[in-house]
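The chain contents come next:
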Amino acid sequence: LVQGAMAKLVPLAPDSWIPGGVPDPLIARKHGLIGTSVSRLDGALKVKGAARFAAEFALDDMVYAALAFATIPRGRIATLDVAAAEAASGVVVVMTHRNAPRMKQPAVFGSSPTAAGPADLPIMQDDRIHWNGQPIAVVLAGTQEQADHAVSLIVTTYDVEESVTSFAAAKEKGAAPASFMGQPLLNEIGDADAMLAAAPHKVDQVYRTPRHNHNAIEPHAATIAWVGGDLVVHDASQLVSMEAATIAGVFDLKVEQVRVTSPYVGGGFGGKCLWDHQILGAAAAKLAGRPVRIVLTREGVYRGVGGRTLTEQRVAIGAAAGGHFQALIHAGTTATTPHNNMPEPFILGTRAGYAADSFKLSVDVVRMNMLANTFMRAPGESVGTFALESAIDELAADLGIDPIELRIRNEPEVDPTSGLPFSSRHIVEAWRAGAAKFGWDKRGLPGARREGEWLIGMGCATGTYPYYRMPGAAARITLDRAGTALVEVAAHEMGMGTSTTTTMVAAERLGLPLEAVEVRYGDSIIPGAILAGGSQQTAAIGAAVIAAHNALVAELLKLAGNDSPLAGLSPDEVGSEDGGLAKLDDPARRESYASILHRAQRDHVSVSAEGSPPLELMHWSMHSHSAIFCEARVNAVTREVRVSRFLGSFDCGRILNPKTARSQFRGGMIMGLGLALMEETEFDERNGRIMNPSLAEYHVPVHLDVPEIDVIWTDIADPHTPMGAHGVGEIGITGVAAAVANAVYNATGTRVRDLPITLDKLL
Ligand code: MOS
């Protein structure tokens, strides 16, 4: 569709989306690349097997790693017998706390902008056990099979110490107010308790969500080599620059001595970050003097890569007869470990969801002896919207008001807890369009619709996820005389289309055809730091590319000199089009990039620049929104639940690439289906052991579980973001669990308030 499409005039607009500035000119484009469906540029490589993932780097003299895991939640290693493992065929070395190189503790995520460590624990430096599943030995051998066999020969005994492995015991020890990324998770406006007590209508319920584990298709893997005194880690990573900085700290190296690459990632969702295995692999490589490939088994991912922690959430809403919210209380408890700080922040979406006369929103946290939990797709909003949007459905039923109408009646004019204006909020349009397309008017009373053995119901929910843009992103643009551009960003391709969308954004801004732009990413030696997380990577890249393009135009004008048709023009009078620069209000005054470089006797010009600080976040309340619709069928005999139809109606600013965005929305909704009906980490509360560390026993949706998923969007650009876009990575999962629960209620009249909605809860 877009092959050969030429981008049109792109005026320079330095810092254009900053408060007081003019909107990013790419928002207004109607005939360029932005907004066209482009297939993933890396798609063919992946289909052909030509895309090299972290576990596919083959290095000379490489050995394979396998891990042994502790089987107690807390205590000390009493004896650790590795003699049989050392004697096993092909074994090169067995590393334990006794012979591991001395290392510092990793800086824990959130403690500084470059910290990426999972927890502030030493890694294999002593005999202490901090969770059931902690790595206690690394075997290196000539083949993976030899390493796996040798690990099975290790014999360990422990001195067990007292631990807290049940949520009830942890709560008895006391909960403390939680903070998330340094901010307290607490909002109190007015006297919500009193207003709830006095309200004529109310819902007041407790909702529970379980632990979840990360199950990316590609298990965590790294291929690691020491080159001289420097370290190269080929990894599957969502944060190459931060990972390199943190690993450098662990091994007492300068940051430039560590290079982390991540050309492809087979799914991330928050889990493809720095965990012990990369550090253990690097330590073992140092000990053996040979490169190491470390690939976690599926069980290894459960033992060593944290997931989403559990929540217990009270939602209480007091309302007037017409549905107006007088009190909105969303408060509860989550669990984390003594060594990390990642409470599941389930109130985040409630802060800007609805208007109310009073609010009380809070998260408390208890500590448990378990693996550090972490980010998992839309941390907070995924499970927080389940509670809030279920409660709204319960209130709607009580009031006899249509649940969509109830939501619209409580639509806020400004952010109700921060007081900031919304930058772009068109959730009502999303609701109206979604309801019409889904056929919401055919929804009946609970239990009213039956076809044979199947009870059929409809449910809906609002989804929400904030717009973020983290500082520190940079881009380097190198333009050559052949008229092609290399754009480098320290970003990540986890399968969502980032490399494709970045190519589109850069080509459009440079006024080049798509095929004239090459994007390189996934390498910590590229300047700047970009996190593939918080649904903000594309905005961060966009801002960096804007800054680099501005720097490039200024540099080209200098090179153009006095003999150019552009002579005497300043950068803000000039834009890019058709492979060159042109005066904005007089495009006949133009010169091609090739001509400028030729006259200047330059083969290429290269600039790098950092994106502007994300000041927009200080001036507006910024979010992606969705209206999720679900049709569920519940078997009247077995009570099995099948979702038969989904529709997601999204309001996420300008959609840059409809094809990859649609896949992102659908993927998120499928993950939401798993959240609603299947996913649950079975945690043995006696000893902190995860009991279902495999895809055979931890259920995620498969093709037969996934219905037709219709996706529509408003495509209304936000004037205050790069390209007018909001994130599309995490919004898809939010609201889905509530939409399913509400549909199950409409089908059966039974309300399930703890996830997942398995058939036993409907008997
Ligand atoms: Mo997402 S949980 O920020 O990868």
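Residues numbered from 1 in each chain as written. Predicted model: local features only at pLDDT ≥ 70, side-chain atom pairs only at ≥ 80, totals over all residues.

1. Considerations on the pairing of strand β23 (residues 485-488)
Heads up, the rule is: Two strands pair if DSSP finds at least two bridges between them. Secondary structure elements follow DSSP: runs of H or I no shorter than four residues count as helices, runs of E no shorter than two count as strands, and numbering proceeds from the N terminus. Handedness rule for crossovers: strands pointing away from the viewer, path from the first strand over the helix to the second running clockwise, crossover right-handed.
Pairing geometry for strand β22 (residues 474-480) and β23, over four bridges, is antiparallel. Note that in β23 the partner of R476 across the bridge is E488. For the segment spanning β23, helix α13 (residues 498-510) and strand β24 (residues 517-520), crossover handedness is right-handed.

2. Observations regarding the domain arrangement of the protein
Our working rule: What fixes the domain bounds is an automatic or database domain assignment. Two residues qualify as a contact pair if the distance between their C-beta atoms, derived from the backbone, is within 7 Å. Under this grouping Gly is polar, as are all residues other than the nonpolar Ala, Val, Leu, Ile, Met, Phe, Trp, Tyr, Cys and Pro and the charged Asp, Glu, Lys and Arg.
Looking at the assigned domains, one finds that the protein contains domain 1 (10-32 + 470-613), domain 2 (54-162 + 217-267 + 272-304) and domain 3 (370-468 + 618-762). Measuring from the centre of the C-alpha atoms in domain 1 to the corresponding centre in domain 3 gives 37 Å. If you look at the interface, domain 1 gives 22 residues, while domain 3 gives 22 residues. Of all the secondary-structure elements, those providing two or more residues to the side of domain 1 that touches domain 3 are α13 and α14 (537-560). Partitioning the side of domain 1 that touches domain 3 into residue classes produces 12 nonpolar, nine polar and one charged.

3. Considering the confidence of the model for the protein
Condition: Scored from 0 to 100, pLDDT records how confident the predictor is in each individual residue.
Confidence along the protein averages 95 in pLDDT terms, with 97% of residues attaining 70 or more. Residue range residues 1-8 is modelled with pLDDT below 50. Its contacts to residues more than four positions away, or to other chains, number 23 contacts. Model confidence for the complex: the whole-complex pTM is 0.96, and ipTM, which rates the interface, is 0.97.

4. Description of the UniProt feature "domain: Aldehyde oxidase/xanthine dehydrogenase a/b hammerhead" (unreviewed entry) in the protein
Operational definition: UniProt positions are given in the numbering used here, feature names are shortened, and annotations may be inferred rather than shown by experiment.
As annotated by UniProt and renumbered to match this structure, "domain: Aldehyde oxidase/xanthine dehydrogenase a/b hammerhead" (unreviewed entry) occupies residues 48-162. Structurally, residues 48-162 comprises 11% helix and 30% strand, and the distance from its first C-alpha atom to its last is 52 Å.

5. Describing helix α3 (residues 144-151)
Residue pairs spaced three or four apart in an α-helix point in one direction, given the helix's 3.6 residues per turn. As a reminder, the rule being used: Here a residue counts as buried when 20 or more other C-beta atoms sit within 10 Å of its C-beta, as exposed when there are 12 or fewer, and as partly exposed otherwise, the C-beta atoms being derived from the backbone. Throughout, the arc means that of the directions going from the helix axis to the C-beta atoms.
Within the span of α3, buried status applies to Q146, A147, A150 and V151. The buried residues of α3 occupy an angular sector of 130 degrees when the element is viewed end-on, so they sit on one face. Of the surrounding secondary structure, the elements contacted by the buried residues of α3 are β2 (63-69), α2 (83-87), β4 (91-95) and β6 (135-141).

6. A look at the sheet that holds β22
Basically, it comes down to this: Throughout, an axis means a line fitted to C-alpha atoms (over the contacting stretch in the case of helices), and angles, computed between N-to-C directions, take values from 0 to 180 degrees.
Pairing is mixed in the open sheet, where four strands are placed in the order β24-β23-β22-β28. Of all strands in the sheet, those bounded by a partner on one side alone are β24 and β28 (604-610). Looking at each pair of strands side by side, their axes are set apart by 15 degrees on average, direction ignored. Across the sheet, α13 lies against β23 and β24, angled at about 135 degrees from β24, the strand it touches most. The strands touched by α14 within the sheet are β22, β23 and β28, with β28 carrying the most contacts at an inclination of about 140 degrees.

7. Re helix α7 (residues 276-288)
Basically, it comes down to this: By this rule the span expected of a helix is its residue count minus one, scaled by 1.5 Å.
For α7, with 13 residues, the first-to-last C-alpha span of 18 Å sits near the 18 Å given by 1.5 Å per residue. Burial runs high along α7: 10 of the 13 residues are buried. Phi turns positive one or two residues past the end of α7, at G289, with a value near 70 degrees.

8. Overview of the pairing of strand β25 (residues 574-577)
Every second residue of β25 is oriented toward a common face, with V574 and S576 on one face and G575 and E577 on the other, all of them buried. Here β25 runs beside strand β26 (residues 580-583); their pairing, made up of four bridges, is antiparallel. Bridge pairing in β26 places S576 opposite L581. Connecting the antiparallel pair β25 and β26 is a turn made up of two residues, with D578 showing a positive phi of about 45 degrees.

9. Concerning the sheet that holds strand β14 (residues 230-235)
Read from one edge of the open sheet, seven strands run β4-β6-β2-β16-β13-β14-β15, paired in mixed fashion. Here the strands that pair on one side only, and so sit at the sheet edges, are β4 and β15 (258-261). Strand-to-strand twist across the sheet, computed as the mean angle between neighbouring axes with direction ignored, equals 20 degrees. By the bridge criterion, six bridges tie β2 to β6 in an arrangement that is antiparallel. Bridging across to β6, Y64 finds its partner in A141. Contacting β2, β4 and β6, α3 crosses the sheet at an angle of about 25 degrees to β2.

10. Quick look at the packing of α13 against α14
Which entries qualify depends on this criterion: Any angle from 65 to 115 degrees is called roughly perpendicular, while one under 35 is roughly parallel, one over 145 is roughly antiparallel, and all others are oblique. Note: crossing handedness is left-handed where the near helix turns anticlockwise from the far helix by less than a right angle, and right-handed where it turns clockwise.
Look at α13 against α14: their axes get within 10 Å of each other, and the N-to-C directions meet at 30 degrees. On the basis of their axis angle, the class for α13 and α14 is roughly parallel. Crossing of α13 against α14: the hand is right-handed. Across the interface between the two elements, T498, T501, T502, V505, A506, R509 and L510 from α13 touch Q537, T538, I541, G542, V545, I546 and H549 from α14. Here the contact of α13 with α14 is built from residues that sort into six nonpolar, seven polar and one charged.

11. Notes on the packing of helix α10 (residues 381-399) against helix α18 (residues 736-748)
Direction vectors running N to C along α10 and α18 enclose 35 degrees, while the axes themselves pass 8 Å from each other. The two elements α10 and α18 meet at a crossing, and its hand is right-handed. Between α10 and α18, the residues in contact are T385, F386, E389, S390 and D393 and A737, A738, A741, N742 and Y745, respectively. Within the contact of α10 with α18, the residues separate by chemical class into five nonpolar, three polar and two charged.

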